[in-house]
Structure formats: C-alpha cells, structure tokens
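Analysis of the macromolecular model
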Amino acid sequence: MSHYQPHLRDLEFNLFEVFGRSEAYGRGAFAELDPATARTVLAEVARMATDDLADSLVDSDRNPPRYDPGRRSVTLPDTFKKAYRTWTDAGFHRLDLPPELGGAGAPPSLYWAVSELVLGANPAIHLYSLGIGVKVLHQLGTPEQRRLAKAMADRGWGSTMVLTEPEAGSDVGAGRTRAIRQEDGSWHLEGVKRFITSGEHDLAENIVHLVLARPEGAGPGTKGLSLFIVPKYQVTDWTTGELGARNGVYATALEHKMGLKASTTCELTFGAEHPAVGHLLGEAHDGIRQMFHIIEAARMTVGTKSIATLSSGYLTALAYARQRVQGADLTRSTDKTAPRVTIVHHPDVKRSLLLQKAHAEGMRALVLFTATVQDRMVAAEAAGNTDEEAKALNDLLLPIVKGYGSEKSFEQLTQSLQTLGGSGYLQDFPVEQYLRDSKIDSLYEGTTAIQGLDFFFRKVTRDQGKALTTLFAGIREFLDTAAGGDSLAAERALLATAFDDVRAMVATMTDQLMASLEEPTSLYRVGRNTTRLLFATGDLLLGWLLLRQAAVALEKQSTATARDTAFYRGKVACAAFFAQEVLPLLTAQRAIAASAGAEFMEVPEDAM
C-alpha cells in the first residue's frame, strides 16, 4: 500500500469553490485549459502519485544515491529512476512551460496544485524535473540562449541554481567564485560551490548549472555578481542540443544528509582540472536580480513541499487514531468496566489532530491563494500589461509560504508522529521519514530567520506597506461583509482581534525602525521580532483563509451529498477550532513585540 495519501477533494475545493478558478480557467491567457481538463489532470496526477511514484520514496531513503569519487558521478537507485521516468514521460512536469517550449502554459494555481501531489509522493522527483532553469533562460536569455532553453526542454536536461559557497553560506555577496572573460566572449569560472541541489545525477544526458560568480574587476557584494550558464557537457549546437566535450565542472562531494536522500546535494568545483566554460546569461551583469527568478520559484516549491508532507502525515495519523484502541472515554475513566475506545476519542488526541488538519488545510489554502495571485500576474503579462499590485502581493506572500509553511509543517509533523506513539518512531510508518525529509525545508532557500528579515525589511517597509495594505484589505472586507453569518460570528470576532494585533505589531516594529535612526540599538528590537511577525502574520492568514473556507462550506451544506456534508462540516469545525486555539495567542505576541527590549544583546558569549 502506498505511503502517500493525497487530498484531491481539498485541492478541488480550494481551486473551484473558494478561489473561483472556474471563472479563470478556459479564458484569456488560460483559454487552452478549461476547468474540466484541469480536474482530469489533477485526478490523473493523484492516481500516478499514489500508484507509480510514492513507492520510490522509501526505497531511495534505504538505498540512497551512490557517489563514485573516481568518476565524480552519482548513480540513483533503479526504483527512483523508474518513477522519475514515469513522471517525465507523462509530461505533466511541463505544465507551466509555455507552448513554444512544449508546455501547456497552465495557470500557476493548477501547476502548484499538481506539484503538491508529486511533492507529497516523492519530493525529489519534482526537484529533479523542476523546469525553472528552462524558464529563466527562455525569459531572460539572448535569442541564442532561448534556443538552448528549447533544446533543454526537448531533451529533458536537468538544471540547477548555484549560489552557496563553503565560507559564505547565506551571505551571497561574500562569494568568491570568479569568472574570467575569454577572447571568444565566453567565460572561465573558478571556485567551489556547496549545497547544490541536483548538482550531479544520472537522470539526464546533461545538466545546465546557473552559477553566480564575480567577473574579474567587478566590485564587492551582491551588485558585483553575474549569472552564468555552465553546462556539464559543452553544447556545440544550441538549437539541437548536440553535446561536445566534458566541461570543467565536477561534483567533488555528495553530502550525507539527515533526510531527503534521493535528492542529491553536491559540492561542485569549477575549473580545477580544465576550464569550466560559461556564458553570461542575457547581455547584462545582473546576477542577483536574475537569480531571484529562480529563488522565488524555489521558495514556492519548498512551501508546497512542506504542506504536501504534512497533509499526508496528518492523514496517516488520523487513520491510525481511528483504529488504535486504548483506554476508556475520559468521562468514564474511573469505571473499570467501561469499553475501550479508539484514541481519536481522547480530548488531547483530537485537539492535536484538529491542529494538524487546520495547519495542513490552511497552508494548502495559503499556497493556492498565492498561486491565484500569480495567475493574475501571468494573465496581465499575456495581455501585454503588468499587474504591479499582484506582483508586490506575491513578493510579500512568498516568505510566509516558505518560512511559516516549513516551520509549522515540521512542528505539526512531530504531532503526527506523537499520535502514533511508539509506532511512529519505527520505519513501519512513513512519518519518521517525513520528519527527516522535511527538516531541510526551514533551512534551504533561506533559513526562517532570513525569511523573517526579508518579510519585514524588504517586503513590508521597502514599499511603505503597500502590499501589506492590499493583503489586509482582503481580511477587512471579509470581516465587514460578515461572511458566514451568525454561525461564524464568534470566530470572526477572534479574527478581528488577531487582525488588530498583527497591525499593531507592524506599527510597533516600524516605530522601532524609525527610532534606530537616532539610537542604532533599536534595530536589535526589530531583529528580535522579525520572525515573530512572520509567524503572527501566517497565523492571521490561516485564520482568515480557514474562515473563508468555512463560509463557503456553510453555503454548500444544504445541497451537499452525504460525503460532502461530512467534508463541509469538517471545514467549519476546523476553522472554528483554529480561531479558538491559535488566534488568541497573537495578543501575547503583540505584547512581547511592544515590550521586549534590546538588552538581551548585552549577554556575553561566555554566559550563554
């Protein structure tokens, strides 16, 4: 039996009942993909994920990729390669590529719904097949490089994003990999990069690395970096993809990791034995801006991966709790003759399960809400315009999707394991591997602390709160229209208080930031609270989105089938529980943000 349990009904509920994608699919930029086709795609990918892809997750953990130091090559297990080929042969990994690259030009909301299914079954399959490198070359490259993008898509090549260096870590501007201009217009790269996802494997005939490096003579920091195309094998014809000699980039180590073992994480060395020939992406030295096209997609991937794993972990815990008999009902705990009950009847177990459900389904809604904002961006671009409001809102939401999503998913997965008790600690159930595979989500593509800094300093203050005001307007409208009527009145009141709490936190931190102009140590107070604000905003958004779902569910219940009645009842109960259990905690977070000082920075290192 497959470890993976997709939640296709909830995906469809979000897309078509909550976010109104029936009004977007089959029209305008998405004319070629109507709602019926979208549902068919989702159903087929859910089936494939469960029947054909999921089994490779466990085997590739027990039999991880093997590194040959002599050939500096990596071999993946046969079960994984079979699953990967099944996925790529079906062509669904091309959904979001434009038709000129052989894709379907699918709406981002459908693409990320499909991605959840694959990421839940075996996340490494999605990571290897991620087409962002192809899209970046197509969007930002020269005409010749756009032809290379087509060849990459046609021939199924892999691609990577290559940023991190051993001594620099997340300080990208401290990178020392250098690029030396050649007479023929190419560049030779020299240096070492670390933690490169999919840096070496035997799934494709070529891998195209997109590498941040500093051209000779360029200044320090991030502004001096450029982005280079460095293929594993040089390409003699960029139209056909004909391969030439081995390029001078090699995997010089394969990391031994806590989890997610099927996804190769490599050290790459450039130019140590013979030249690593690269080509400047586009015609401008604009590396950081170009790389952020990849980073943003990667952060969306991480957030989607996180909730996909949590959702399956929760459903595994729920199934166990429904059949595991232990103890009597609490109201009859002193009665030795009372019948034993399944653990789902115990209050603390049910509390934990409802929190798991709320976070899994709330964060799924958060991912798909963000994806619908991306739908707006794509639709505007197809019409020859730019939706600046949608672009800013997407930028604001991404650190929440990634930072909040990864942390809360791991936190709730520990509760999924706890539900299983000692059995959860065994490999008989998938949750122990889910935990190991998901811990990386809060670390790569920017740790949670970096997401918090990015959220406040770049996404809130840099645009003077415009995107945040747009986001808050949606919450304000929901409260003002009294969605859900009397049935949700108490929960809307809790949401309104949480809304005021988060707005007050933003105001407090903004005041602290302004105070730092005269007293620099006030910045420490801001830094103390950036992750706190990120989490508080995430809780607020989940409360809002869950109540939006509940309002829709209340409208649907009167005409629902018996099966859907239970589904909708669960939506209302879940939203109410989250509002009661989580949202009141934001008042305490608001008080801490306002009162916490900077004196903690004076604690000496030897006292810690």
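Refer to the preceding data block for the structure.
Residues numbered from 1 in each chain as written. Predicted model: local features only at pLDDT ≥ 70, side-chain atom pairs only at ≥ 80, totals over all residues. Heavy atoms only, no water.

Considerations on the overall build of the chain
- Of regular secondary structure, the chain possesses 18 helices and 14 strands.
- Taking 25 Å as the expected radius of gyration for a compact globule of 608 residues, we find that the chain reaches 25 Å, a close match to that expectation.
- Referenced to the eigenvectors of the C-alpha coordinate spread, the extents of the chain come out at roughly 85 × 65 × 60 Å.
- The 608 residues of the chain split such that 56% are buried.
- Pairs at least 24 apart in sequence give 74% of the contacts found in the chain among residues at least 6 apart.
- Of the roughly 25,300 Å² of accessible surface on the chain, a fraction of 52% belongs to carbon and sulfur atoms.
- Within the chain, one finds 63 positive and 74 negative side-chain charges whose respective centroids are separated by 3 Å. (Helix = DSSP H or I, 4+ residues; strand = E, 2+ residues; numbered from the N terminus. Rg over C-alpha atoms; globule rule 2.2 N^0.38 Å. Buried < 20%, exposed > 50% of the residue type's maximum accessible area, 1.4 Å probe, protein only. Contact = heavy atoms within 4.5 Å. Areas by Shrake-Rupley, 256 points an atom, 1.4 Å probe, with all protein chains shown as cover. Lys, Arg positive; Asp, Glu negative; His and termini not counted. Charge placed at Lys NZ, Arg CZ, Asp CG, Glu CD.)

Comments concerning the packing of aromatic side chains
- Counted under the stated rule, the structure contains 15 aromatic pairs.
- Between Phe369 and Trp544 the ring centres are 5.4 Å apart and the planes differ by 85°, which places this aromatic pair in the edge-to-face class. A residue pair is termed long-range when its members are at least 10 positions apart, and Phe369 in helix α10 (residues 347–382) and Trp544 in helix α16 (residues 522–556) qualify at 175 residues.
- Judged by its relative accessible area of 11%, Phe369 falls in the buried class. (Phe/Tyr/Trp six-rings, centres within 6.5 Å; stacked < 30°, edge-to-face > 60°.)

Things to note about a nonpolar patch on the surface
- Residues Tyr524, Phe600 and Met601 make up a contiguous nonpolar surface patch of roughly 280 Å² in combined accessible area.
- The topology assignment puts Phe600 in the segment after α18 (585–595). (Patch = residues over 30% accessible without salt bridge, like charges linked within 9 Å, V, L, I, M, F, W, Y side chains within 5 Å. Salt bridge = Lys/Arg side-chain N within 4 Å of Asp/Glu carboxyl O.)

Here's the deal with the environment of Tyr128
- You can see Tyr128 is positioned in helix α6 (residues 123–129).
- Apart from the residues within four sequence positions on either side, Tyr128 is in contact with Leu76, Phe80, Tyr84, Ser198, His201, Leu203, Ala262, Ser263 and Thr264.
- Among the polar contacts made by the side chain of Tyr128, one reaches the main-chain amide nitrogen of Thr264 at a distance of 2.9 Å. (Polar contact = N/O pair within 3.5 Å; in protein donor to acceptor, adjacent residues only side chain to side chain.)

A few points about the environment of Gly191
- Inspection of the secondary structure assignment puts Gly191 in strand β5 (residues 187–197).
- Along the chain, Gly191 and Leu353 lie 162 residues apart, while their C-alpha atoms are 48 Å from each other.
- The contact partners of Gly191, leaving out residues within four places of it in the chain, are Thr177, Leu268, Thr269 and Phe270.

Digging into the packing of helix α9 (residues 287–323) against helix α11 (residues 388–420)
- Two elements in contact, α9 and α11, have axes whose closest approach is 8 Å; the angle formed by their N-to-C orientations is 25°. One way to sum up the angle between α9 and α11 is to call them roughly parallel. Crossing handedness for the pair α9 and α11: left-handed.
- Looking at the contact of α9 with α11 residue by residue, the class counts come to 12 nonpolar, 11 polar and 4 charged. (Axes fitted to C-alpha atoms, helices over the stretch in contact; angles between N-to-C directions. Parallel < 35°, antiparallel > 145°, perpendicular 65-115°, else oblique. Left-handed = near helix turned anticlockwise from the far one by under 90°. Nonpolar A, V, L, I, M, F, W, Y, C, P; charged D, E, K, R; others polar.)

Some points on the pattern of salt bridges
- Evaluated as defined, the whole model comprises 41 salt bridges.
- For Glu216, the salt bridge is made with Arg178, and the minimal N-O distance between the two is 3.1 Å. With Glu216 in the loop between β6 (207–215) and β7 (226–231) and Arg178 in strand β4 (residues 178–181), this residue pair connects regions lying 38 residues apart in the sequence.
- Overall, Arg178 belongs to the partly exposed group, its relative accessible area being 35%.
- Between Lys305 and Asp441 there is a salt bridge, with its nearest N and O atoms 2.9 Å apart.

Some details on the side chain of Lys402
- Inspection of the secondary structure puts Lys402 in helix α11.
- Despite its burial, Lys402 remains without a salt bridge, the nearest opposite charge being carried by Asp441 at 7.3 Å.
- Looking at Lys402, its side chain comes within polar contact range of the main-chain oxygen of Tyr444, at 2.9 Å.
- At 2.7 Å, the side chain of Lys402 and the backbone oxygen of Gly446 are in polar contact.
- Discounting residues that sit within four places of it in the chain, Lys402 has contacts with Arg299, Val302, Gly303, Asp441, Ser442, Leu443, Tyr444, Glu445, Gly446, Thr447 and Gln451.

Points about α9
- End to end, α9 covers 54 Å across 37 residues, agreeing with the expected 54 Å (1.5 Å per residue, within 8%).
- The buried fraction of α9 amounts to 29 of the 37 residues, a majority that puts the element mostly inside the structure. (Expected span 1.5 Å × (residues − 1).)

Digging into the side chain of Asn14
- Positionally, Asn14 belongs in helix α1 (residues 8–18).
- Under the relative-accessibility criterion, Asn14 is labelled buried at 0%.
- Residue contacts for Asn14: discarding those within four places in its chain leaves Phe19, Arg364, Ala365, Leu368 and Gln549.

Here's the deal with unusual backbone geometry
- Positioned with a positive phi, Arg72 is a non-glycine residue whose angle comes to about 50°.
- The class of Arg72 is buried, set by a relative accessible area of 17%.
- For Gln464, which is not glycine, the phi dihedral falls at a positive 60°.
- Looking at where Gln464 falls in the secondary structure, it is placed in the loop between α13 (448–460) and α14 (466–480).

Some words on the pairing of β5
- Pairing analysis gives 4 bridges linking β4 to β5, with the strands arranged antiparallel. Paired with Ile180 across the bridge in β5 is His188.
- Two strands pair when backbone bridges link them, and β5 and strand β12 (residues 276–280) are joined in this way by 3 bridges, in the antiparallel orientation. By the bridge assignment, His188 is partnered in β12 with Val277.
- By the bridge criterion, 5 bridges tie β5 to strand β11 (residues 265–270) in an arrangement that is antiparallel. (Pairing = 2+ DSSP bridges.)

Function cannot be inferred from these measures alone, as they are strictly geometric.
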